[in-house]
Amino acid sequence: MMTPSEIWLVVAVGCVVIEIIPPPTHFFFLGLALGALAASVAAYFSTMAWLPWTVFLVTSVVLIPTLIPLAKFLFTPRPHASNVDELINQKALVVEPVRPEAPGIVKIVGEDWRALSEQDSFEKGQWGQVIRVEGTHVIIRRIY
């Protein structure tokens, strides 16, 4: 026969297992598991049958609203710039001349890109700055 303390431990382990199994529950069952663990400690040191239940309820009610926002903060993906967006404001070394009417080639962070300029002409070896990306071309301007 299992003691009340052991029963609460089994409940705690069961809640942890449920928390681990997908889909994510955002630490809801972790709060219940910690409440059951606290109830197990209370049941071990006390013979009053109501005390573990009270400890379980109070601990769970306090932890669940705390853990769920923490889980959402930890597991919500943060937006980051895509590879193309990272090119904006980068310096571009002109490899082939770039004219407003004719595209050329620039090197940006070690990669060659076809480039256009809205108004400036660039000769080989000059530097420009990427102001935007249009399809497979970067649009560059002079660095002042």
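Description of the structure in this document.

Here is what the cut-offs are and how they apply
- Residues numbered from 1 in each chain as written.
- Predicted model: local features only at pLDDT ≥ 70, side-chain atom pairs only at ≥ 80, totals over all residues.
- Heavy atoms only, no water.
- Pairing = 2+ DSSP bridges.
- Helix = DSSP H or I, 4+ residues; strand = E, 2+ residues; numbered from the N terminus.
- Axes fitted to C-alpha atoms, helices over the stretch in contact; angles between N-to-C directions.
- Parallel < 35°, antiparallel > 145°, perpendicular 65-115°, else oblique.
- Left-handed = near helix turned anticlockwise from the far one by under 90°.
- Contact = heavy atoms within 4.5 Å.
- Nonpolar A, V, L, I, M, F, W, Y, C, P; charged D, E, K, R; others polar.

Comments concerning the sheet that holds strand E5 (residues 137-142)
Part 1 of the reasoning: On the basis of which strands lie adjacent, the closed barrel formed by 5 strands has the order E1-E2-E3-E5-E4 and mixed pairing. Taken over all neighbouring pairs, the strand axes of this sheet differ in orientation by 55° on average, direction set aside.
Part 2 of the reasoning: Note that strand E1 (residues 91-96) and strand E2 (residues 104-108) share 3 bridges and pair antiparallel. Its bridge partner lying in E2, glutamate 96 is registered against isoleucine 105.

What about the packing of helix H2 (residues 28-45) against helix H3 (residues 50-75)?
Part 1 of the reasoning: Two numbers describe how H2 lies on H3: the axes approach to 7 Å, and their chain directions differ by 150°. On the basis of the axis angle, H2 is roughly antiparallel to H3. Handedness of the H2/H3 crossing: right-handed. When H2 is examined against H3, the residues Phe28, Leu30, Gly31, Leu32, Leu34, Gly35, Ala36, Ala38, Ala39, Ala42 and Ala43 are found in contact with a partner set consisting of Leu51, Pro52, Val55, Phe56, Thr59, Ser60, Leu63, Ile64, Leu67 and Ile68.
Part 2 of the reasoning: For the contact of H2 with H3, the class distribution of residues is 17 nonpolar, 4 polar and no charged.

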